[in-house]
Amino acid sequence: MTTEPDALSDFTARLVDVDGVSKTVHVSGSGPAVVLMPEMPGISPDVVRFARWIRDAGFTVHLPSLFGVDGAYPTAAHGERIMRRACVSAEFRVFAGGGTSPVVSWLRGLAAQAHAECGGPGVGAIGLCFTGNFALAMALEPAVVAPVVNHPALPLDDPGGLELSPEDAVALRDRVERDGLTVLAYRFDNDRWCTGQRFAAYRDLLGDAFDGRVLPGHVANPNPPPFFRELVACPHSVVTAHLVDEEGHPTVRARDEILAFLAGRLGGAVSPR
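Residues numbered from 1 in each chain as written. Predicted model: local features only at pLDDT ≥ 70, side-chain atom pairs only at ≥ 80, totals over all residues. Heavy atoms only, no water.

Engineer: Could you clarify how one ought to interpret the environment of Glu163 in this entry?
Structural biologist: Here Glu163 shows up in the loop between β8 (144-150) and α5 (166-179). Since its relative accessible area comes to 5%, Glu163 is described here as buried. The spacing of Glu163 and Ala96 is 67 residues in sequence and 6.8 Å in space, taken between C-alpha atoms. Residues within four places of Glu163 in sequence aside, it is in contact with Arg93, Gly99, Thr100, Ser101, Asn133, Phe134, Leu154 and Pro155. (Helix = DSSP H or I, 4+ residues; strand = E, 2+ residues; numbered from the N terminus. Buried < 20%, exposed > 50% of the residue type's maximum accessible area, 1.4 Å probe, protein only. Contact = heavy atoms within 4.5 Å.)

Engineer: So what exactly am I meant to see when it comes to the sheet that holds strand β7 (residues 123-128) here?
Structural biologist: The strand order across the open sheet built from 8 strands is β2-β3-β5-β4-β7-β8-β9-β10, with neighbouring strands paired in mixed fashion. Unpaired on one side and paired on the other, β2 (12-18) and β10 (210-215) mark the two borders of the sheet. Averaged over all neighbouring strand pairs, the angle between strand axes comes to 25°, with direction disregarded. As defined by bridge partners, strand β4 (residues 33-36) adjoins β7 across 3 bridges and the pair is classed as parallel. Counterpart to Leu36 in the pairing with β7 is Ile126. (Pairing = 2+ DSSP bridges. Axes fitted to C-alpha atoms, helices over the stretch in contact; angles between N-to-C directions.)

Engineer: Quick question: what am I supposed to make of helix α3 (residues 103-118) here?
Structural biologist: Residues separated by three or four positions in an α-helix point in the same direction, a consequence of the helix having 3.6 residues per turn. The end-to-end C-alpha distance of α3 is 22 Å, a good match for the 22 Å that 16 residues give at a rise of 1.5 Å each. Just downstream of α3 lies Gly119, where phi reads positive at about 75°. (Expected span 1.5 Å × (residues − 1).)

Engineer: Honestly, the packing of helix α1 (residues 45-56) against helix α8 (residues 250-266) in this entry has me stumped. Any pointers?
Structural biologist: Think of two packed helices as two axes; the pair is described by the angle between the axes and how far apart they sit. Direction vectors running N to C along α1 and α8 enclose 40°, while the axes themselves pass 10 Å from each other. With respect to α8, the element α1 is oriented oblique. Helix-helix and strand crossings are classified by hand; for α1 and α8 the assignment is right-handed. On α8, the residues that touch Phe50, Trp53 and Ile54 of α1 are Arg255, Ile258, Leu259 and Leu262. When grouped by side-chain class, the residues that make up the contact of α1 with α8 number 6 nonpolar, no polar and 1 charged. (Parallel < 35°, antiparallel > 145°, perpendicular 65-115°, else oblique. Left-handed = near helix turned anticlockwise from the far one by under 90°. Nonpolar A, V, L, I, M, F, W, Y, C, P; charged D, E, K, R; others polar.)

Here is the structure:
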């Protein structure tokens, strides 16, 4: 495992309590709040880089620690152990039929607290991979007005599943229709963890409110960190591990579209660099 000691040096680590459950949240910036959830296997330097871009676009980014080692690039073997622990954790519903992951309730509480502190019209929620769908499930919290679902991987055993209880699915569809929300989403076209079937299921649930955007897999970073290279083994993480940080690159355009979406819903000046 490679740990970058300064990876989170410009963030403040807070212990946030929601209904008696405390988790570490790394916070940086000013302006309306955005909750950025980590992808498996944790808050890597690539996730932190994306968090900085959000912060620099005019938002207070909240980066909760949900699994793994914060600020690290795990080896493939260590990343696999982290994922296996998450798969049996009571906080996550990894397989079909499990419904909405219980940790989402804690994340909704975090969003409510962040909105009370930061103000503005609401909160953005961005999920990545393992947490991808959490951004949509968080929208049952009224403060969440800008959900971004990136390459949602759960449930692992059903490519067309949404990792939502039937009750939450109905309530989310009603909230999206009632409040005019749009759900922005991204995937690569040859991602075997987040398939076209999953995006089709989102569209069946949300209709035109689901804005699912698909990038060609051949543009993905060909040399991602070990966990993604050896275990994920396909283009997957559009704005983190598989992003190519070059002006005009499709993955950078996706990043800029996300920042513009947040600015449109929350306010803020888009200037990621």
